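Okay, here's what each chain looks like letter by letter:
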Amino acid sequence: MGKESFKPTDAEIVSQVLDGSVNAFESLIIRHKDLVLKIIKKHVPYDDVEETTQDAFVRIYQSLPTYKGKGDFKQWVSSITVRTCYDYWRKAYRSREVPMSSLTQEHQRWLEEVISDESEHSLEEKGSQKEARELLDWALGKLSAEDRTVLELVYLEGLSGKEAADALGWSVANVKVRSFRSRRKLKKLLAGLIRE
Amino acid sequence: MKKEDHFKIRRVLAAAYREKENAVVGELWQNRVMSHIRSLGPLSPAASYLEFFERFLWRLAPIAGALILILAAIFMQINFISEYEMARILFDDPVDFSLFQQGNF
C-alpha cells in the first residue's frame, strides 16, 4: 500500500480545521496555492500579488464554517479568490490608488500593427509583448471595479455568464448587463486610439 | 471600429492577460499566512440557517400572531377593502369614476 491511500480529502482536512486543528490548514494552502496564485496573478498588479494571496487564504480560512462539503472545494476556493480580487479593486478605486498608466504614440502605432496583422500566430506573440500588457492595464484602469472584474472573467478568460455569476456571487442577469456595458466601454476606448 | 479589428485586439489582449500567469512569486507569503491564521486561533462552527430558524421561529410566533390581529383591526378601521375597491373602479372606468367623484354623475 502506498502512502497515497492515506491522503485525506479536502473535506476531511476542512473538518480537522473546524475541530480546532489550525495547523491542518497548511495542507490546504499547499494543495490550492497554485490555483489561488494563478487567479490572483491575472487580476491584481504584480506588486500586490503576495498580499492579496495572503488575504484570500485568510478569507478562505474564516469562511470554512460556511463550506457545506457538498460542492467541489476547488470551485469554492476559486470563488472566494475571485471575490478577494474584486474587493482589492473596489478598495483601490475607493482610495484612488489605481495606477493610471498613459499611452504614447508608440502604443498607437503598435495597435495599428496588430490590426493590420493577418497571421493568427503573430497575434499570440504580440500578446506577450510589453505594449500589449501596458495597453491592457491602461484600458482596465479606465473601468470601474465591477466592469473590470466582469470584463476579465467573461471577455478575457472566456467564462460563461453563469460561471462568472457563480464566482462573483452575482445574478446571471447582472453579469450579462455588466459584461455588455464593459465591452462597449472597452470598444469605445480602443476606437479612440485608432486613427481612421 | 471594424468587427475583425476588434476580434484581433481581443485576441492580443486575452493573450496578454494569460501571460500574467507566468509572473514568478516568492514563497514567503505562505509563512505569513500561517502565522496570521495561528494568531486568529481555532474557528467556531457557524450555526446553519436551519438551526437559526428553528431557534427563533417559535419565539417569534406570538409576536407574529399579535401583529396579524393588530393589522386586521387597523384595516377594518380604515375600511381598507373599500379603498381597494375604489382603486379598482378607478382603473376599470376612470372617466365615470372622476365624474362620480365630482358629483356630476
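Residues numbered from 1 in each chain as written. Chains lettered and ligands numbered in written order. Predicted model: local features only at pLDDT ≥ 70, side-chain atom pairs only at ≥ 80, totals over all residues. Heavy atoms only, no water.

Asker: What's the story with the overall build of chain A in this structure? I'm lost.
Answerer: Within chain A one finds 10 helices and zero strands. For chain A, the succession of helices and strands along the chain, N to C, is α-α-α-α-α-α-α-α-α-α. Judged by the C-alpha coordinates and their principal axes, chain A covers about 65 × 40 × 30 Å. Taken over 196 residues, chain A has a buried fraction of 46%. Here the contacts in chain A between residues at least 6 apart in sequence split such that 65% fall between residues at least 24 apart. By element, 49% of the accessible surface of chain A is carried by carbon and sulfur atoms, the whole surface being about 10,700 Å². Between the mean site of the 32 positive side-chain charges and the mean site of the 32 negative ones, chain A shows a separation of 6 Å. (Helix = DSSP H or I, 4+ residues; strand = E, 2+ residues; numbered from the N terminus. Buried < 20%, exposed > 50% of the residue type's maximum accessible area, 1.4 Å probe, protein only. Contact = heavy atoms within 4.5 Å. Areas by Shrake-Rupley, 256 points an atom, 1.4 Å probe, with all protein chains shown as cover. Lys, Arg positive; Asp, Glu negative; His and termini not counted. Charge placed at Lys NZ, Arg CZ, Asp CG, Glu CD.)

Asker: How should I be thinking about the interface of chain A and chain B in this particular structure?
Answerer: With 54 residues of chain A in contact, the opposing surface of chain B contributes 37 residues. Both faces considered, chain A and chain B share a buried interface measuring about 4,600 Å² in area, 65% of it formed by carbon and sulfur atoms. Salt-bridge contacts for A:E26 lead to B:R38; the nearest nitrogen and oxygen are separated by 3.6 Å. At the level of elements, α1 (10-18), α2 (25-43), α3 (49-63), α5 (105-116), α6 (120-127), α7 (130-141), α8 (145-156) and α10 (172-193) of chain A are the ones that each hand at least two residues to the side of chain A that touches chain B. Element by element, the count of residues in the side of chain A that touches chain B is highest for α2(A), at 10 residues. Taken together, the residues of the side of chain A that touches chain B break down into 28 nonpolar, nine polar and 17 charged. (Buried area = accessible area lost by both parts, 1.4 Å probe. Salt bridge = Lys/Arg side-chain N within 4 Å of Asp/Glu carboxyl O. Nonpolar A, V, L, I, M, F, W, Y, C, P; charged D, E, K, R; others polar.)

Asker: I'm lost on α10(A) in this one. Help?
Answerer: For an α-helix, 3.6 residues make a turn, and residues three or four places apart therefore share a direction. Its 22 residues give α10(A) an end-to-end C-alpha distance of 32 Å, which sits within 8% of 32 Å, the value for a rise of 1.5 Å per residue. Of all the positions in α10(A), only A:V175, A:S179, A:S182, A:L186, A:L190 and A:L193 are classed as buried. Summarising the axial view, the buried residues of α10(A) lie within an arc of 80°, below the 170-degree limit, and thus occupy one face. Seen from the open side of α10(A), the exposed residues pointing more than 90 degrees away from its buried face are A:A173, A:K176, A:F180, A:R184, A:K188 and A:G192. Considering only its buried residues, α10(A) is in contact with α5, α7, α8 and α9 (161-168) of chain A together with α1 (3-19) of chain B. (Expected span 1.5 Å × (residues − 1). Arc of directions from axis to C-beta.)

Asker: How should I be thinking about the nonpolar core in this particular structure?
Answerer: Most often, soluble globular proteins keep nonpolar side chains buried together rather than apart. Ranked by size, the top nonpolar core spans 47 residues in total, and within it A:F25 and A:L64 carry the most contacts. Counting only elements with at least two residues in this core, the list comes to α1, α2, α3, α4 (73-94), α8 and α9 of chain A together with α2 (28-40) of chain B. Ignoring sequence-local partners within four residues, the contact set of A:F25 consists of A:V17, A:F57, A:I60, A:Y61, A:L64, B:M34 and B:I37. In terms of nonpolar packing, the next biggest core, distinct from the first, is built from 25 residues, A:L140, A:L151, B:V12 and B:A14 among them. (Core = buried A, V, L, I, M, F, W, Y, C linked by side-chain atoms within 4.5 Å.)

Asker: How should the environment of B:A23 be read in this particular structure?
Answerer: Structurally, B:A23 can be placed in the loop between α1 and α2. The sequence separation of B:A23 and B:H6 amounts to 17 residues, and the corresponding C-alpha distance is 27 Å.

Asker: In this structure, what is going on with the pattern of salt bridges? I would like to understand it.
Answerer: Oppositely charged side chains are able to pair whenever their charged atoms sit close together. Residue and element names in this part refer to chain A. Enumeration according to the criterion identifies 14 salt bridges over all chains in this entry. Across the salt bridge formed by D10 and R31, the nearest N and O atoms sit 2.8 Å from each other. With D10 in helix α1 and R31 in helix α2, this residue pair connects regions lying 21 residues apart in the sequence. Its relative accessible area of 30% is what places R31 among the partly exposed residues.

Asker: It is not clear to me how the confidence of the model for chain B should be interpreted in this structure. Could you clarify?
Answerer: Detailed reading of the predicted coordinates is not advisable wherever pLDDT falls low. Residues and elements named next belong to chain B. Put simply, chain B has an average pLDDT of 78, and 70% of its residues get 70 or more. When the elements of chain B are averaged for pLDDT, helix α5 (residues 94-102) gives the smallest value, 63, and α2 the largest, 91. Two summary scores accompany this predicted model of the complex, namely pTM at 0.72 and ipTM at 0.79. (pLDDT = per-residue confidence, 0-100.)

Asker: Is there a simple way to explain α2(B) in this structure?
Answerer: Look at α2(B): 19 Å from first C-alpha to last across 13 residues, which is about the 18 Å you get at 1.5 Å a residue. When we look at burial in α2(B), the residues that qualify are B:W29, B:Q30, B:V33, B:M34 and B:I37. Projected down its long axis, α2(B) shows its buried positions confined to an angular sector of 135°, all on one face. Residues B:L28, B:N31 and B:S39 are exposed on α2(B) and point more than 90 degrees away from its buried face. Elements that come into contact with the buried residues of α2(B) comprise α2 and α3 of chain A. A positive backbone phi angle near 80° is found at B:G41, which sits one or two residues after α2(B).

Asker: Before we go on, may I ask you to explain the packing of aromatic side chains in this structure?
Answerer: Given two aromatic rings, their pairing is described by the distance between the two centres and the angle made by the two planes. Tallying each qualifying case throughout the model produces nine aromatic pairs over all chains. With a centroid separation of 5.7 Å and 10° between ring planes, the pair formed by A:F57 and B:W29 is classed as stacked. Residue A:F57 is found in helix α3, and its partner B:W29 is found in helix α2; the two belong to separate chains. With a centroid separation of 5.0 Å and 85° between ring planes, the pair formed by A:Y88 and A:W89 is classed as edge-to-face. Connected via pairs of aromatic rings, a cluster forms that spans A:F25, A:F57, A:Y61 and B:W29. We note A:R148 situated over the ring of A:W89; from NZ or CZ to the ring centre the distance is 3.4 Å. Here B:R10 stacks its cationic end above the ring of A:Y155, 4.4 Å away from the centre of that ring. (Phe/Tyr/Trp six-rings, centres within 6.5 Å; stacked < 30°, edge-to-face > 60°. Lys NZ or Arg CZ within 6 Å of the ring centre and 35° of its normal.)

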